[in-house]
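These are the residues of each chain, in order.
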Amino acid sequence: MKRTSIFPRGNCTLSRCFSLLLILAFSLALATTAAAQKKKKKDATPPPAPTSNTAAMPDEQRIDYLISEMMGAWQVGDIDKLHKCIADDISVVNGFWAPPIIGWANYLTNYNSQRARTQQVRMDRTNTLIRLSGKFAWASYQWDFSAVVDGQPDTAQGQTTLVFEKRGDDWVVVHNHTSLVQASQPVTPASTITPTPAKP
């Protein structure tokens, strides 16, 4: 079969120019499509996440959220998350008759020994009061604790005061003072017998 050109034989130069123009237009179309796809891909990339999901919150709310995160990490045994909330140089006064615990490493040792004996931990916080003063803050709250300790159900109530320091953009706990509330025994009311007045 004989090939025929759309251009007469005498217009070979015109044919080559048209072919080059067609190739150039096709290349330009491909390059434009590729650039558009690359831009679309770039636009579809989500914006970088903020360093913290609490960065936009006021400090009081950030501290309240931090307490919740710390208590949640304490309950489930998430040591990395717990350490993000607690300063390396923390001091802890616990609810037992014991010397203060100084530093994250000592805190972690005590925490691990408690967690080894404890399952099904639940701790609820109420009556939280938070105060701010410059780069320091403190929070006081009450808590109810329940768990299985050494295979036996156990409950306790107490109060905690945390001291926070703002280091960089983050708040961390630098001091923890926890007190256990003693279970009280029901008190029997005093006798309400009224004395009989003396006769004259």
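These numbers were taken from a predicted model, which means no experiment stands behind them.

Another point: the overall build of the protein chain. Each helix and strand counted, the protein chain has 4 helices and 6 strands in total. Listing each helix as α and each strand as β along the protein chain from the N terminus yields α-α-α-β-β-α-β-β-β-β. When burial is assessed residue by residue, the protein chain has 24% of its 200 residues classed as buried. Residue pairs in contact within the protein chain that sit at least 24 positions apart in sequence constitute 50% of those at least 6 positions apart.

Moving on to the confidence of the model for the protein chain. The pLDDT averaged across the protein chain works out to 78; a share of 64% of its residues lies at or above 70. This stretch, residues 12-36, has a pLDDT under 50; its non-local contacts, to residues over four places away or in other chains, come to 3 contacts. When the criterion is pLDDT under 50, residues 46-51 qualifies, and its contacts beyond four places in sequence or with other chains add up to 0 contacts.

Let's shift gears to the environment of Lys84. Its place among the elements puts Lys84 in helix H3 (residues 79-85). Along the backbone, Lys84 and Leu66 are 18 residues apart, and their C-alpha atoms lie at a distance of 9.4 Å.

Moving on, we get to the packing of aromatic side chains. Enumeration according to the criterion identifies 4 aromatic pairs in this entry. Judged by centre distance (6.3 Å) and plane angle (75 degrees), the ring pair of Trp74 and Phe145 falls under edge-to-face. Of this pair, Trp74 sits in helix H2 (residues 59-76) while Phe145 sits in strand E4 (residues 136-149), and the two are 71 residues apart along the sequence. We classify Trp74 as buried; its relative accessible area is 18%.

What follows covers the nonpolar core. Ile67, Met70, Trp74, Leu82, Ile86, Tyr107 and Phe164 are the most contacted members of the largest nonpolar core, which has 31 residues in total. Elements supplying a minimum of two residues to this core: H2, H3, strand E1 (86-93), helix H4 (104-116), strand E3 (118-133), E4, strand E5 (152-167) and strand E6 (170-180). Other than its neighbours up to four places away in sequence, Met70 contacts Leu82, Cys85, Ile86, Tyr141, Leu162 and Val173.

The next subject is the sheet that holds strand E2 (residues 101-102). Taken in spatial order, the 6 strands of this open sheet run E2-E1-E6-E5-E4-E3, and their pairing is mixed. The sheet is open, and its two borders are formed by E2 and E3, each paired with just one other strand. In this structure, E5 lies alongside E6, joined through 10 bridges in antiparallel fashion. For Gln159, the partnering residue across the bridge sits in E6 and is Ser179. Across the sheet, H2 is in contact with E1, E3, E4, E5 and E6; its angle to E3 comes to roughly 165 degrees. Packing of H4 onto the sheet brings it into contact with E1, E2 and E3, and relative to E1 it is tilted by some 65 degrees.

Our focus in this paragraph is H4. Its 13 residues give H4 an end-to-end C-alpha distance of 18 Å, which sits within 8% of 18 Å, the value for a rise of 1.5 Å per residue. What H4 keeps buried is the set Trp104, Tyr107, Leu108 and Tyr111. Along H4, the residues classed as buried sweep out an arc of 95 degrees about the axis, all on the same side. Structural note: H4 exposes Ala105, Thr109 and Ala116 on the side pointing more than 90 degrees away from its buried face. Among the structural elements, H2, H3, E1 and E2 are those in contact with the buried residues of H4.

Attention now moves to H2. Compared with the 26 Å implied by 1.5 Å per residue over 18 residues, the 26 Å span of H2 between its first and last C-alpha is a close match. Along H2, the residues that are buried comprise Arg62, Ile63, Leu66, Ile67, Met70, Met71, Ala73, Trp74 and Gln75. Phi turns positive one or two residues past the end of H2, at Gly77, with a value near 85 degrees.

The subject of this paragraph is the environment of Gly168. Within the secondary structure, Gly168 is located in the loop between E5 and E6. For Gly168, a relative accessible area of 63% puts it in the exposed group. Residues Gly168 and Lys135, spaced 33 residues apart in sequence, show a C-alpha to C-alpha distance of 9.7 Å.

What counts and what doesn't
- Residues numbered from 1 in each chain as written.
- Predicted model: local features only at pLDDT ≥ 70, side-chain atom pairs only at ≥ 80, totals over all residues.
- Heavy atoms only, no water.
- Helix = DSSP H or I, 4+ residues; strand = E, 2+ residues; numbered from the N terminus.
- Buried < 20%, exposed > 50% of the residue type's maximum accessible area, 1.4 Å probe, protein only.
- Contact = heavy atoms within 4.5 Å.
- pLDDT = per-residue confidence, 0-100.
- Phe/Tyr/Trp six-rings, centres within 6.5 Å; stacked < 30°, edge-to-face > 60°.
- Core = buried A, V, L, I, M, F, W, Y, C linked by side-chain atoms within 4.5 Å.
- Pairing = 2+ DSSP bridges.
- Axes fitted to C-alpha atoms, helices over the stretch in contact; angles between N-to-C directions.
- Expected span 1.5 Å × (residues − 1).
- Arc of directions from axis to C-beta.

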